[in-house]
Amino acid sequence: MKPLDENVYKFLMPLFFSGVAFFLSFYFCILGVSLYLYSLPIYAFLLLISLFLFYQTDKNLHEFMKNGITTFTHYTFYHRCIGIYLMLSFVLFGVSIAYIPFYYNGGFVFVWYCAPMSILCFISFIQSQKRIKRLKKTLEHNGHPENMDQLKL
């Protein structure tokens, strides 16, 4: 079993650079420069790296949960992930819907990059929500009264 590492920033760094590439693609599209065709794959690649790192951390934390090791920091990790991936899923879904009217004028690229990534982020949101419910039940069952007032979801 790997050492316990639940650092949110491990997968937030590629997510940040993914967002930078995504907004650069908007800027290039507004300028009418076809460079957005090159920045969107960079955005998608960095987002996939971020999702991969999240699932590696999730897999590691799940092994600890199987062995009965649960802490309140696991709960806070998943709580942060819920907010990040829910917001990202809605933003990407909104962008893919917003570009449907411009589908034949270059919007198809945004639709076909943003819609699948929105679904992947929503799946990560659901995974985090499942884990947080399980952690909440475990923490309630083990009797951690000092942390019960912080378990709001």
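Here is what the cut-offs are and how they apply
- Residues numbered from 1 in each chain as written.
- Predicted model: local features only at pLDDT ≥ 70, side-chain atom pairs only at ≥ 80, totals over all residues.
- Heavy atoms only, no water.
- Helix = DSSP H or I, 4+ residues; strand = E, 2+ residues; numbered from the N terminus.
- Buried < 20%, exposed > 50% of the residue type's maximum accessible area, 1.4 Å probe, protein only.
- Areas by Shrake-Rupley, 256 points an atom, 1.4 Å probe, with all protein chains shown as cover.
- Core = buried A, V, L, I, M, F, W, Y, C linked by side-chain atoms within 4.5 Å.
- Contact = heavy atoms within 4.5 Å.
- Salt bridge = Lys/Arg side-chain N within 4 Å of Asp/Glu carboxyl O.

Novice: Would you take a moment to explain the overall build of the chain for this structure?
Specialist: Helix and strand content of the chain: four helices and zero strands. The linear arrangement of helices and strands in the chain, starting from the amino end, is α-α-α-α. Here the chain holds 153 residues, and 41% of them are scored as buried. Approximately 8900 Å² of the chain is accessible, and the part contributed by carbon and sulfur atoms is 70%.

Novice: What exactly am I supposed to notice about the nonpolar core here?
Specialist: Generally speaking, nonpolar side chains in soluble globular proteins are found buried as a group. By size, the foremost hydrophobic cluster in this structure holds 37 residues, and its most contacted members are Phe22, Tyr43, Leu47, Phe77, Tyr85 and Leu92. Contributions of two or more residues to this core are made by helix 1 (9-31), helix 2 (36-66), helix 3 (72-98) and helix 4 (107-142). In contact with Tyr43, other than residues within four places in its own chain, are Ser18, Ala21, Phe22, Leu92, Tyr113, Cys114 and Met117.

Novice: Hey, could you run me through the pattern of salt bridges in this one?
Specialist: Opposite charge on two side chains allows them to pair when their charged atoms are near. Inspection of the entire model under this criterion finds two salt bridges. A salt bridge links Arg131 to Asp58, with the nearest nitrogen and oxygen atoms 2.9 Å apart. With a gap of 73 residues between them, Arg131 in helix 4 and Asp58 in helix 2 connect regions that are remote in the sequence. Like Asp58, Arg131 is buried. Notably, a salt bridge pairs Lys66 with Glu63, separated by 4.0 Å at the nearest N-O pair.

The quantities given are spatial measurements derived from coordinates; they are silent on function.
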